[in-house]
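# A structural walkthrough
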Amino acid sequence: MAAVCLLLGAGLSFVAGVGLLKLPDTLTRMHAATKPQVLGLLLVLLGVAVRLRSWVDLGTLVLIGTFQLMTVPVAAHIVARAAYRTGQVDGEGLVLDELDARLTRPGKAS
């Protein structure tokens, strides 16, 4: 089971790396950098946890996984907002642009 989790996690992390290189714009690259990378890391951590089975090691692995789950969505949100505000996002590819309406209203910019 540990080997399967490690291989699946490494495969997902590899897919995330390829997505960063091959995808065309900031938002799709950001998606590739966050979703499969976090799931890949969690699978690697699970594989390591199954293999090690020490309480100290398990506690460390849980902390790593928890911090990744808490920080990656926030970082992705900040990158997306910065890319949008600096004009790095192609507005034609967006289905719904709620941020444009919020930024154009006077006194409501956030």
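Residues numbered from 1 in each chain as written. Predicted model: local features only at pLDDT ≥ 70, side-chain atom pairs only at ≥ 80, totals over all residues. Heavy atoms only, no water.

### Concerning the overall build of the protein
In terms of helices and strands, the protein carries four helices and zero strands. Seen in sequence order, the protein has helices and strands lined up from the N terminus as α-α-α-α. For the protein, the C-alpha radius of gyration of 18 Å lies well beyond 13 Å, the compact-globule estimate for 110 residues. Expressed as lengths along the three principal axes of its C-alpha atoms, the size of the protein is roughly 55 × 30 × 20 Å. (Helix = DSSP H or I, 4+ residues; strand = E, 2+ residues; numbered from the N terminus. Rg over C-alpha atoms; globule rule 2.2 N^0.38 Å.)

### Considering a nonpolar patch on the surface
Taken together, Phe-14, Val-15 and Val-18 make up a surface patch of nonpolar side chains, about 290 Å² in accessible area. Checked against the element boundaries, Val-18 lands in helix H1 (residues 2–22). (Patch = residues over 30% accessible without salt bridge, like charges linked within 9 Å, V, L, I, M, F, W, Y side chains within 5 Å. Areas by Shrake-Rupley, 256 points an atom, 1.4 Å probe, with all protein chains shown as cover. Salt bridge = Lys/Arg side-chain N within 4 Å of Asp/Glu carboxyl O.)

### Describing the side chain of Thr-34
Structurally, Thr-34 can be placed in helix H2 (residues 26–52). Ignoring sequence-local partners within four residues, the contact set of Thr-34 consists of Val-72 and Ala-76. (Contact = heavy atoms within 4.5 Å.)

### Examining the packing of H1 against H2
Pairs of packed helices are described in terms of their axes, by the angle between the two and the distance that separates them. With their axes 7 Å apart at the nearest point, H1 and H2 run at an angle of 160° to one another. The pairing of H1 with H2 is recorded here as roughly antiparallel in orientation. The handedness of the crossing between H1 and H2 comes out as left-handed. Per-class residue counts for the contact of H1 with H2 are 18 nonpolar, six polar and two charged. (Axes fitted to C-alpha atoms, helices over the stretch in contact; angles between N-to-C directions. Parallel < 35°, antiparallel > 145°, perpendicular 65-115°, else oblique. Left-handed = near helix turned anticlockwise from the far one by under 90°. Nonpolar A, V, L, I, M, F, W, Y, C, P; charged D, E, K, R; others polar.)

### Some remarks on the layout of surface pockets
In this structure, the largest pocket occupies an estimated 260 Å³ of space. Together, Leu-27, His-77, Ala-80, Arg-81, Tyr-84, Val-89, Leu-94, Leu-96, Asp-97 and Leu-99 line the largest pocket. Among the elements that line the lining of the largest pocket, the one with the most residues is helix H3 (residues 55–85), at four residues. By residue class, the composition of the lining of the largest pocket is seven nonpolar, one polar and two charged. Counted as a void, the second largest pocket has a volume near 160 Å³. In terms of lining residues, the second largest pocket is bounded by Met-30, His-31, Thr-34, Lys-35, Val-38, Leu-69, Val-72, Pro-73 and Ala-76. For the lining of the second largest pocket, the element with the highest residue contribution is H2, accounting for five residues. (1 Å grid on protein atoms, 1.4 Å probe; cavity = no way out; pocket = protein on both sides within 12 Å on 5 of 7 lines; lining within 4 Å. Points joined across faces, edges and corners; volume = space filled by probe spheres on them.)

These values are about where atoms sit, not about what they do.
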